[in-house]
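Next come the chains, spelled out residue by residue.
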Amino acid sequence: MENSNKLSQFTSLFPSTEIDGLSAMANSARVFLSENDFPTTRLERFKYTRLTKLSNVQFDTSAAEFISDFHKYQICPDAIAIFVVNGHVFLPETKGPTGLIIDDISFAKSLPSSSMKDVFAAMNVLHAQSGVCVQVAKNSVIDSVIEIVHVCTGSYAGFTRNHITIGENAQAKVVMTYVSEQTNECFSHVHTSIEVGKRAHFNLEKVQMESSDLFSFSDEEVWQGADSVFQINTLTLDGNLVRNDLHIQVRGEHAETHLNGMYMLNGQQHVANYTTVDHQVANCESNELYKGIMDDKSIAVFNGKVFVRQDAQKTNAFQSNANVLISDDASVNSKPELEIYADDVKCSHGSTTGQLDDEALFYLRARGISERGATQLLLTAFMSDVLDKITVPSVKEKVFEVINKRFNWELTL
Amino acid sequence: MIKIENLHASIDGKEILKGLNLEVKAGEIHAIMGPNGAGKSTLASVLAGREDYEVTAGSIDFDGTDLLELSTEDRAREGLFLAFQYPVEIPGVSNINFLRTALNEIREYKGQAQISAKEFMAMVREKSAIVELDSKLASRAVNEGFSGGEKKRNEIFQMAMLEPKLAVLDETDSGLDIDALRIVANGVNTLKSDQNATIVITHYQRLLDYIIPDFVHVLYDGRIVMTGTKELALELEEKGYDWIKESIDA
Ligand SMILES: Nc1ncnc2c1ncn2[C@@H]1O[C@H](COP(=O)(O)OP(=O)(O)O)[C@@H](O)[C@H]1O
Ligand SMILES: [Mg+2]
């Protein structure tokens, strides 16, 4: 009872959505909300994530202070950039290349229906204020990077909804940048649905560097067609409570899926990565690699599910999560889950959490390298395979810049 | 160069070095031999400053500085080099990158300018040739996937790059075939000068056919129990260590 009150109190903060494309889902969202409570740690999906604080924060949902110099947050200088600032969309001023349509999501007539994974996903359907719709037409190859920059300021709280369609045989790269400025306990929930067409290639770099008093939730829901290649790199460089929920449905044969993640945490940060790869058809491959470095009292949660359905014969699915704790007080909850219903598959998963190798540290120091320098060499080495997956050079540069500044390191590319 | 007096060291409460004395002067090569478990690697580790070991008594003077007061990295920067008995594999850290970092940190410590990329690469070429280390290995991850012999050659390559005052080679000969042994010995001999010194730890006399020591010491039960010249090594090869054990334990 107390929880239902919490939930209705929380939802009452947010105005109803005006995105037409969501109306078909509204009913099931309402039903879901009526049947569920505000999440507690009794719920498997929130077992390690305490949300009491979130339910008590006094958010100012009447669209927080407006800032005008948000362009500086763009990571890729040559990108076609779209800004979503406290729920306001700023589209690119110049017309993009042929084959690319970027628009406010309010104009989308229909959007793919999403699954109600938790109450926040349901709330997003009912309360999303704005978002971006990116469409890459069939056979189009977009050379420029498309960057969607999400900016939160003040005590903003709100839901954003994006949709990306990569047409058949098309190719594109998107960078989703998450930043914040002068925040005073913000809440942001971003849902992005992504359709990757047959033979399409799509690469998504998700760069999270919001400040330490922000509740940042973001979901991606991906559908992959036959012979498509999809890669997402989730790079969490800052934030207070960060939850990433990635759900990939592989629906066409011979598709390739790469999901990589990196999180570098300190202070009291809490970062949770929930991933699901759902192999529904035969002859597909997925590779998942998430790595974390944890300092101070930070907490990481990794929950990676791989489903291999009965029809998904000849699936190759690999998953790995590795963590280095550089403080005695940091902790990791890592849970890989494989559910396999087909019999002719190759699947593996592994999870490791440990300290830096003392022998290696000693070896480096015995050659004259300081303990600090040796630690950094080993950390860079630990991260290098994930960092190598980043396909946009300016994103890689940014990652190093942010990490070095935050940890007072001098890691080099 | 180095003067070790009455050195006592223990690990996990167990005393391994029990009053060890050793003096090595510039320009000299000393061999330390002794049965397995005598404490040879312990001595090497204590010299390099491995924190697992506790020095409970004694002193080590290294060219005028109190070695025991220095951190591992400062010992290296002062010119101490340990060729590991078991070189560590460090995936993801390139040999080259790590050596440049080491060289530059040592230079910084000495108040010298950083080495230029060009100068560094020329040095890598020159020094890897001394131990016939394939330049491909020089750019791979530290010791990763190296054969036993390649690891040992990589140790001597690093020694050549860092130009230490005192090098301690811990069983650098073990696991080497005769060709590799010659290459490693040749490397050590090439790098030798009257400004530096070498301590060669081994339990085979074989290496000493190639690296001619000025002194041979026998380390047994945590102490140097006998000192001689290279003839002592031949005698040990012939008679084993039992006669020493007997004469000491008696
Ligand atoms: N962590 C440890 N705890 C207790 N004893 C140890 C430890 N490490 C080494 N030793 C002991 O120290 C002694 C000397 O070892 P070491 O210096 O490696 O000998 P050597 O190199 O001469 O063969 C051996 O008896 C070995 O068992
Ligand atoms: Mg030994």
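Rules of the game
Residues numbered from 1 in each chain as written. Chains lettered and ligands numbered in written order. Predicted model: local features only at pLDDT ≥ 70, side-chain atom pairs only at ≥ 80, totals over all residues. Heavy atoms only, no water. Near = heavy atom within 4 Å. Polar contact = N/O pair within 3.5 Å; in protein donor to acceptor, adjacent residues only side chain to side chain. Areas by Shrake-Rupley, 256 points an atom, 1.4 Å probe, with all protein chains shown as cover. Helix = DSSP H or I, 4+ residues; strand = E, 2+ residues; numbered from the N terminus. Nonpolar A, V, L, I, M, F, W, Y, C, P; charged D, E, K, R; others polar. Pairing = 2+ DSSP bridges. Axes fitted to C-alpha atoms, helices over the stretch in contact; angles between N-to-C directions. Contact = heavy atoms within 4.5 Å. Disulfide = S-S within 2.5 Å. Buried < 20%, exposed > 50% of the residue type's maximum accessible area, 1.4 Å probe, protein only. Buried area = accessible area lost by both parts, 1.4 Å probe. Salt bridge = Lys/Arg side-chain N within 4 Å of Asp/Glu carboxyl O.

Chemist: Quick one: what's the story with the site of ligand 1, residue by residue and with numbers?
Modeler: Residues and elements named next belong to chain B. Around ligand 1, the structure places Ile-11, Asp-12, Lys-14, Ile-16, Pro-35, Asn-36, Gly-37, Ala-38, Gly-39, Lys-40, Ser-41 and Thr-42. Within the backbone of Ser-41, a nitrogen or oxygen atom sits 2.8 Å from an oxygen atom of ligand 1. Thr-42 is positioned such that a nitrogen or oxygen atom in its side chain is 2.5 Å from an oxygen atom of ligand 1. Its free accessible area being 570 Å², ligand 1 has 65% of it covered by the protein chains. Those elements giving two or more residues to the shell around ligand 1 turn out to be β2 (14-24) and α1 (40-48). Per-element accounting of the shell around ligand 1 gives the leading share, three residues, to α1. In terms of residue class, the shell around ligand 1 is built from four nonpolar, five polar and three charged.

Chemist: Lay out the sheet that holds strand β6 (residues 80-83) of chain B in plain terms, naming residues and giving numbers.
Modeler: Two pairing modes exist for strands in a sheet, parallel and antiparallel, and in both the strands are linked by backbone hydrogen bonds. All names here are of chain B. Reading across from one edge, β6-β9-β10-β3-β11-β12 is the order of the six strands in this open sheet, with mixed pairing throughout. The sheet terminates laterally at β6 and β12 (223-228), the two strands that pair on one side only. Strand after strand, the sheet turns through a mean of 20° between neighbouring axes, direction not considered. Of the strand pairs in this sheet, β6 and strand β9 (residues 166-170) are connected by four bridges, and their pairing is parallel. Bridge assignment links Leu-82 to a residue of β9, and that residue is Val-168. Seen against the sheet, helix α8 (residues 230-239) touches β3 (29-33), β11 (215-220) and β12 and runs at an angle of roughly 45° to β11.

Chemist: Before we move on, can you summarise the state of the cysteines with the specific residues and values?
Modeler: Residues and elements named next belong to chain A. Per the counting criterion, the structure on display carries zero disulfides over all chains. Between Cys-76, a cysteine without a disulfide, and Cys-152, which holds the nearest cysteine sulfur, the sulfur-to-sulfur distance is 19 Å. Cysteine Cys-152 remains unbridged, with the sulfur of Cys-186 as its closest cysteine sulfur at 5.0 Å. On the accessibility criterion, Cys-152 (2% relative accessible area) is buried.

Chemist: Give a detailed account of the interface of chain A and chain B, specifying residues and quantitative values.
Modeler: Contacts between the two partners involve 17 residues from chain A and, on the opposite side, 31 residues from chain B. When the two sides are added together, the surface that chain A and chain B hide from each other amounts to roughly 2,000 Å², 64% of it contributed by carbon and sulfur. Among the residues chain A hides against chain B, the three largest losses belong to Phe-362, Tyr-363 and Arg-367 of chain A. Together they make up 40% of the total. Counting the contacts that link chain A with chain B gives four salt bridges. Measuring nitrogen to oxygen at the nearest pair gives 3.1 Å for the salt bridge that ties Arg-50 of chain B to Glu-359 of chain A. If you look at where chain A meets chain B, you find twelve residue pairs in polar contact (both at pLDDT 80 or more). Secondary-structure elements contributing two or more residues to the side of chain A that touches chain B are α5 (358-365) and α6 (371-387) of chain A. Counting residues per element, the side of chain A that touches chain B draws most heavily on α5 of chain A, which supplies six residues. Classifying every residue of the side of chain A that touches chain B by side-chain character gives nine nonpolar, three polar and five charged.

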